Amino acid sequence: MIIIAIVKVLEGSTITSVDESTIDCRHHQLVCIDGEGYIGRVVDESKPDFSSIKDAAVKADQLISLNPDEYLLPGFIDLHVHAPQWPNAGVALDRPLNEWLDTYTFPLEAKYQDVSFAKRVYDNLVEELVGNGTTTALYFGTIDNPANLELAKACIKHHQRGFIGKVAMDNPDQTPANYRDASAKSAVADTETFIKQLTKLSQTAAINQTPVITPRFVPSYTPESLKGLGELAKKYDLPIQSHCSESDWENGYALENYHKRDSEVLDQYGLLTDKSVMAHGTLLNQSDLDTFKSRGVAVAHCPISNVYFGNAVLPVSKLLQQNVKVGLGTDISGGYSPSLYQNIRQAVISSRMLKDGVNSALDPNQRGTQIQPISAKNGFYLATVGGAKSLHLKTGQIKAGYLADLQVVKSPLASFGEESADQIFEKIIYHASKADIRQVFVQGRLAKGRLK
């Protein structure tokens with residue numbers, strides 16, 4: 001018999017996804033966390049040893065009891081964050097994507113050659129994301145490795161699990177002279193250097209930080225750099241992130257310059273694997289989806305950002321029906337909000353607009369599509385289980401054997417009578433803000449709030 005050494009016990013009501021459309025809400029449970037930061041047991045109050053486990057936790061000063069209006073949820077997983085763009089969140093979202101990049105985004109990212117600037121921004125960003133319940137984030141960094149290491153240090157400081165990529169962008173036709181890799185060779189070499197640097201840094205960190213192969217998107221890199229990055233991904237068996245079929249402009253660039261869809265370009269160089277996360281995908285066609293499913297590629301759905309730059313709505317329910325992996329991303333700063341709660345809401349809103357249509361001049365029978373809308377439960381799944389599956393993490397659910405990545409959320413609205421579990425859940429999803437997230441735990445470590 002294996003004895004699990006419990007170091008922390010959370011007592012209270014829990015809400016977790018069971019599958020993409022089902023949640024499990026329990027009124028009174030003990031979530032027992034072991035010394036490695038995993039959930040050792042989840043004990044319902046109906047179990048015969050509930051009281052003895054609770055009593056032992058009280059005696060050992062290990063019990064943390066939630067208030068009656070607080071609920072324990074899995075931490076959120078953000079699959080697409082442009083970390084250096086945080087100072088511009090909400091800026092110039094009325095501009096076309098290529099203009100927004102050239103005028104606002106690339107000049108800002110070039111500032112991260114100043115390591116002190118990087119340190120100040122990243123410390124603030126990671127603290128903000130953790131404060132919003134995000135326990136794991138997949139980050140685009142910049143082309144500058146010293147700044148990317150500051151991002152990793154901020155994740156370590158705030159106990160967040162970071163997946164971090166040194167951005168590769170070497171195409172002189174589509175990137176500014178003061179912010180690009182000098183060549184394909186240097187883009188690949190600097191990426192390998194970052195892999196080694198982050199691996200070494202992570203060896204002494206309590207929360208693991210993972211390097212990610214990160215070609216920016218089709219317009220910004222050359223075939224030579226793609227080839228080298230694909231070889232690095234295979235050599236080190238690493239996650240890969242990029243953008244795919246994000247907008248008419250990006251999609252059109254691939255067709256015009258490569259005579260292929262951007263998914264085909266990435267696939268050609270070995271960059272579509274079961275460890276790949278492709279952001280946006282609003283213009284993916286059925287052939288692309290077939291490739292994604294066969295390769296095991298995940299899509300980072302960024303609903304707020306897609307309103308501004310996506311030129312279409314991602315048909316989330318279609319992807320789920322076809323067993324394509326999908327999670328949620330904020331896409332800071334194309335998405336203005338660091339909250340995945342806000343992105344769940346927008347995901348639901350956008351899906352309903354896709355179903356019902358938006359052109360009132362059309363007959364109702366012609367106005368919309370056959371794509372079914374998603375629900376709050378679907379969105380919650382994307383922010384937890386969907387993200388975990390995309391990154392091959394054993395987290396995203398309140399379940400024995402899973403990482404103790406958790407958030408304690410106060411119900412944001414007063415109750416005026418008996419409420420069902422579904423009603424409580426929906427009020428949290430549609431109303432919760434940073435102020436309602438009282439505590440956050442990452443791998444069992446307190447990352448926000450105070451122990452009670």
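On a predicted model such as this, the values are computed, not experimentally measured, just so you know.

Draft legend 1. Molecular detail of the nonpolar core. Ranked by internal contacts, the top residues of the largest apolar core, which has 87 residues, are Tyr139, Ile213, Phe292, Tyr341 and Ile428. Tallying contributions element by element places helix 3 (residues 115–131) first for this core, with eight residues. For isoleucine 213, the residues in contact, after removing those within four places along its chain, are Thr191, Ile195, Leu229, Leu232, Ala233, Leu238, Pro239, Ile240, Gln241 and Leu271. Core analysis: the second largest hydrophobic core is formed by 14 residues, Phe106, Val167, Tyr179 and Phe217 among them.

Draft legend 2. A look at the pattern of salt bridges. What the rule picks out here adds up to 19 salt bridges. In this structure, glutamate 11 and lysine 54 form a salt bridge, with 2.8 Å as the shortest nitrogen-oxygen distance. Of this pair, glutamate 11 sits in strand 1 (residues 6–19) while lysine 54 is found in helix 1 (residues 50–59), placing the two residues 43 residues apart along the sequence. Residue glutamate 419 pairs with lysine 427 through a salt bridge whose shortest N-O separation is 2.4 Å. According to the relative accessible area criterion, glutamate 419 is partly exposed, its value standing at 22%. Salt bridges sharing partners connect three or more residues here, namely Asp24, Arg26 and Asp44.

Draft legend 3. Representation of unusual backbone geometry in the model. With an omega dihedral of 5°, the bond running from isoleucine 332 to serine 333 counts as a cis peptide bond. You can see serine 333 is positioned in the loop between strand 13 (325–328) and helix 12 (340–356). The backbone of histidine 280 shows a phi angle near 85°, a positive value even though the residue is not glycine. Within the fold, histidine 280 resides in strand 11 (residues 276–280). Exposure remark for histidine 280: the relative accessible area of 0% places this residue in the buried category. Unusually for a residue other than glycine, asparagine 323 sits at a positive phi of about 60°.

Draft legend 4. Region of the structure containing helix 14 (residues 376–390). Here helix 14 is 15 residues long and its end C-alpha atoms lie 20 Å apart, about the 21 Å a rise of 1.5 Å per residue gives. The element helix 14 is largely enclosed, with a buried count of 13 among its 15 residues. At the exit of helix 14 stands histidine 392, carrying a positive phi of roughly 60°.

How each quantity is defined
- By convention here, each chain's residues receive numbers from 1 onward along its written sequence.
- With the structure being a predicted model, the display of local features is reserved for residues of pLDDT at least 70 and the display and counting of side-chain atom pairs for 80 or more, all residues being used for whole-chain, interface and lining totals.
- With hydrogens and water set aside, each side-chain value is computed from the structure's full complement of heavy atoms.
- Nonpolar core, defined: a set of buried Ala, Val, Leu, Ile, Met, Phe, Trp, Tyr and Cys residues in which side-chain atoms within 4.5 Å join the residues together.
- Burial here depends on accessible area, computed with a 1.4 Å probe over protein chains only, as a share of the maximum for the residue type. Under 20% is buried, over 50% is exposed, and the range in between is partly exposed.
- Numbered from the N terminus, helices here are DSSP runs of H or I no shorter than four residues, and strands are runs of E no shorter than two.
- Whether two residues are in contact is decided by their heavy atoms: any pair within 4.5 Å suffices.
- The salt bridge definition used is simple: a Lys or Arg side-chain nitrogen within 4 Å of an Asp or Glu carboxyl oxygen.
- By this rule the span expected of a helix is its residue count minus one, scaled by 1.5 Å.

Nothing here speaks to function; it is geometry throughout.
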